[in-house]
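Residue-level listing of the chains:
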Amino acid sequence: MRPDCSKCRRPIPPDTGDALGGLCFECISGFVLETDPPEGEPLPLEVGAFFQGFQILELIARGGMGVVYKARQLDLDRLVALKVLSPSLAGDPDFARRFNVEAKVLARLSHPSIVQVFDFGRSGALYYLVMEYVEGGSLRDLLRRGPLDGAHRARLLSQICGALDHAHQHDVIHRDIKPENILVDRQGRVKITDFGLAKLVRPDPKQGSATQVDLVMGTPKYMAPEQSESLATVDHRADLYSLGVVFHEMLAGESCGPTDQVLVKALDRIPDRRYQNVAQFQKAIEAAASVQPARRRWVVGAALLLAAGAAALFARPSGKPASGTVDLLRLIDPQTDAVDGVWELNGHGDLISPIEQWARLQIPYVPPEEYDLLLVLERLEGVSSIDIGLASGGRQFHIDIDGWQDGEITGLNLIDGAPGNMNETATRGRQIPFRTPVIFVCSVRRTGVALSTNARNLFDWKGNLQRLTAGRSWQVPRTDTLWVGAYRTRFRIEKLTLTPVSGTGTFLR
Amino acid sequence: MVEETAIGGPARGFQPTVWTAVLKAKDLASPERRLALEGLIGTYWKPVYTFIRKRGIDVEKSKDLTQSFFTAFLEKDILRNVAPEKGKFRTFLLTTLTYFLADEHDRASALKRGGGFRFIAGAQDLESRAATPDAAFFRQWAIETMSRAVARLREECSPEDFLLLSEGRDEGLSVSDRKNRLHRLRLRLKELLREIIRPTVELESEIDDEVRQLFSGGSQVL
């Protein structure tokens, strides 16, 4: 009988045995990675010695920035949150200056949904902030209890947006928006805390070794991609990204086309393509909330993965089976894969189609039998169509989007030899306006093929895939891969990801 | 009862020789170089074994192959054609192993020349939770590295401190005493991990990367 881990009480796997002193690998790792109280962090009683006017009551939180105590400010007889920053910061000669500058700005922020900073300063080696005490918990606590209903979510979001907007108007960027920093008092009022402290306290990622490990193990989930590169150059749009991640968590899987669209935009890796201010974001989520939620769609997860800079997760080893969401754009090398016309990748990694007849590009990937394809594209120039070449079970077919200049028909090609403008999938109406990214979701199943855009169904064809054939003019060298085609129109394909539903895909390079 | 601790021998002390020195050594046959290599491969017995096992090879044959691989690794000039900028030892070893297994001829000849080495004394199998050979190698490397760090920590810290870490026994300790002890143990364990990894990388800056990988590697079973 194998012993259990003395910490988590789960059986220790045979590959570990007793090599880790009676603990399992996860527990010993957890121990090493646990947020360590900084060397010499004072205990509540010791802190009291530094703060004569306060009675220290209890430690309420500890984070990367320091420690927060619940305290009573004796002369005013009020409860306050006393945030004591990590003592190690005192060793940084520039810290005092930055602290004074930043704390002054924070103290000037006054908004019902922002934790008020009453006072700040230095006592001995300790820098501190005296803040409004919030009786309640954090959004994290609320989320742990279960999914929020739509009305509750809307109330919270509107307050969060109000607070962020106020701060941004005063040129204060939060830089660390996450459920833990969004406090909610007993009356359900939102109070955002720790504005701007991330910039003040977080060490330069380029320095330090052990710290670097801790930092990476922190909560990069909420951080905008540009933030992990440089803390100095981020602007308020980094907060909007983080808010997008929080929003996603608040939805807890309950989403519909419009919310998916909000998320895809909010979580774009390029700040210029996100919502540019809180008002825009708020308007979008309010509009989306007015639509009845549908079943969870995979789009959200895919968008999050992409946006969170998880490119490294998308492996591209040659000849290996692929599982999980595949970022098809990253597989493409226009030089090698273009079949006709000069295709390009722009600086953001978007694929740009040439203005040519029958321009084709073969994607070096054989898809699994059943899958969902997420496509975000924008029309830059020209008035004709884009074609999405699909395959399943060795059979190729394609979807023509926005069809002809005059007819504006979208459809599935070819069904029993009939093109998309003549068969039952023909959908009238231009699907791709100029200069507006549009999201398409295409589902390929054994039982048929469906295309929707912005949660609107364009067609949902049921039938045997054996009835489908590829149009002759769109042929690519291989008969089992995905491909894209454009006809006399320049498109910018911003996202093209595939999530397998059944079967396995194969990378050709 | 599965006896597996004898595989790879007991946890070793810190080898001050670095991978770079091995790569740059002029005299390929020098005893120093061989000693350095032996020091490096200690952590990799179980990873290599589980990698081979996960390829569906039976217990006895896996042991033979593990032994043959390391014999070949030490005796043959596997490193002769390695450029000094080849990267981390772990990556190099895994690549070499893959080639080794693919090459029947190499394997057979190495088996014949394995005299004098008896690396694997354990009589039983070593199971792995991992799904693929690569993941098994990775996880086993993480566990092995961690276990060496823990073993060294155990040697150098007081029995009370080790009990505090391994079993959470904190009777008679004040709150701040307990906190300080755990803090020191944590720092020391981090240092030990770095010390164990240091000889296997070329650049000091790669250590952090390896430490990060280690934490993800041990839990990654899919």
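1. So, the overall build of chain A
Thought 1: A count of helical and extended segments in chain A gives 13 helices and 26 strands.
Thought 2: When burial is assessed residue by residue, chain A has 54% of its 509 residues classed as buried.
Thought 3: Across chain A, the fraction of contacts at a sequence separation of at least 24, relative to all contacts at a separation of at least 6, is 63%.

2. Points about the confidence of the model for chain A
All names here are of chain A.
Thought 1: Summary statistics for chain A give a mean pLDDT of 78 and a share of 78% for residues scoring 70 or more.
Thought 2: Averaged over each element, pLDDT in chain A is lowest for helix H7 (residues 210-216) (32) and highest for strand E8 (residues 190-192) (95).
Thought 3: Segment residues 203-218 is flagged for pLDDT under 50; beyond a separation of four residues in sequence, or across chains, it makes 18 contacts in the model.
Thought 4: Taken together, the stretch residues 293-323 has pLDDT below 50 and engages in 72 contacts with residues farther than four places along the chain or on a different chain.

3. Topic: the environment of Pro14(A)
All names here are of chain A.
Thought 1: By the element assignment, Pro14 lies in the segment before helix H1 (25-33).
Thought 2: Under the relative-accessibility criterion, Pro14 is labelled partly exposed at 21%.
Thought 3: It is 10.0 Å that separates the C-alpha atoms of Pro14 and Pro3, two residues lying 11 residues apart in sequence.

4. Overview of the packing of helix H8 (residues 159-167) of chain B against helix H9 (residues 175-197) of chain B
Residue and element names in this part refer to chain B.
Thought 1: Here H8 crosses H9 at 85 degrees, and the two axes come no closer than 10 Å. Between H8 and H9, the angle falls in the class roughly perpendicular. Together, Glu160, Asp161, Leu164 and Leu165 of H8 and Arg178, Arg181, Leu182 and Leu185 of H9 make up the contact between the two elements.
Thought 2: Of the residues in the contact of H8 with H9, the class split is four nonpolar, no polar and four charged.

5. Structural notes on the nonpolar core
Thought 1: Ranked by size, the top nonpolar core spans 59 residues in total, and within it Leu139(A), Phe195(A) and Phe281(A) carry the most contacts.
Thought 2: Setting aside chain neighbours within four positions, we find Phe195(A) in contact with Leu106(A), Leu109(A), Ile114(A), Ala163(A), Leu164(A), Ala167(A), Val172(A) and His174(A).
Thought 3: The next biggest cluster of nonpolar side chains, apart from the first, holds 58 residues, and it includes Phe100(B), Leu164(B), Leu193(B) and Ile197(B).

6. Observations concerning the side chain of Glu195(B)
Residue and element names in this part refer to chain B.
Thought 1: Tracing the backbone through its elements, the reader meets Glu195 in helix H9.
Thought 2: Using a relative accessible area of 17% as the deciding quantity, one classes Glu195 as buried.
Thought 3: A polar contact of 3.4 Å, which involves the side chain of Glu195, links it to the side chain of Arg152.

7. What to know about the pairing of strand E3 (residues 78-85) of chain A
Side chains on a regular strand alternate between the two faces of the sheet.
Residues and elements named next belong to chain A.
Thought 1: For E3, the tally of buried residues reaches six of eight residues, placing the bulk of the element in the interior.
Thought 2: The sheet contact formed by strand E2 (residues 66-73) and E3 spans eight bridges and is antiparallel. For Gln73, the partnering residue across the bridge sits in E3 and is Arg78.
Thought 3: Turn length for the E2-E3 hairpin, with the two strands adjacent in sequence and antiparallel, is four residues, and the turn residue Asp77 shows positive phi of about 50 degrees.
Thought 4: One ladder, built from five bridges, connects E3 with strand E5 (residues 126-132); its direction is antiparallel. Each residue of the ladder has a partner; that of Leu82, found in E5, is Val130.

8. Thoughts on the pairing of strand E19 (residues 409-413) of chain A
Residue and element names in this part refer to chain A.
Thought 1: The element E19 is largely enclosed, with a buried count of five among its five residues.
Thought 2: Burial along E19 is two-sided: the face carrying Ile409, Gly411 and Asn413 and the face carrying Thr410 and Leu412 are both buried.
Thought 3: As paired elements, strand E18 (residues 395-401) and E19 share three bridges and run antiparallel to each other. In the strand pairing of E19, His398 is matched with Asn413.
Thought 4: With two bridges joining them, E19 and strand E20 (residues 427-428) adopt antiparallel strand pairing. Looking at E20, one finds that Ile409 is bridged to Arg428.

9. Details of the sheet that holds strand E24 (residues 483-486) of chain A
Residues and elements named next belong to chain A.
Thought 1: An order of E11-E14-E24-E17-E18-E19-E20 is seen for the seven strands of this open sheet, with the pairing classed as antiparallel. Lying at the two open borders of the sheet, with one neighbouring strand each, are strand E11 (338-340) and E20.
Thought 2: One ladder, built from two bridges, connects E11 with strand E14 (residues 359-362); its direction is antiparallel. Looking across to E14, one finds that Ala338 is bridged to Leu361.

Cut-offs applied
- Residues numbered from 1 in each chain as written.
- Chains lettered and ligands numbered in written order.
- Predicted model: local features only at pLDDT ≥ 70, side-chain atom pairs only at ≥ 80, totals over all residues.
- Heavy atoms only, no water.
- Helix = DSSP H or I, 4+ residues; strand = E, 2+ residues; numbered from the N terminus.
- Buried < 20%, exposed > 50% of the residue type's maximum accessible area, 1.4 Å probe, protein only.
- Contact = heavy atoms within 4.5 Å.
- pLDDT = per-residue confidence, 0-100.
- Axes fitted to C-alpha atoms, helices over the stretch in contact; angles between N-to-C directions.
- Parallel < 35°, antiparallel > 145°, perpendicular 65-115°, else oblique.
- Nonpolar A, V, L, I, M, F, W, Y, C, P; charged D, E, K, R; others polar.
- Core = buried A, V, L, I, M, F, W, Y, C linked by side-chain atoms within 4.5 Å.
- Polar contact = N/O pair within 3.5 Å; in protein donor to acceptor, adjacent residues only side chain to side chain.
- Pairing = 2+ DSSP bridges.

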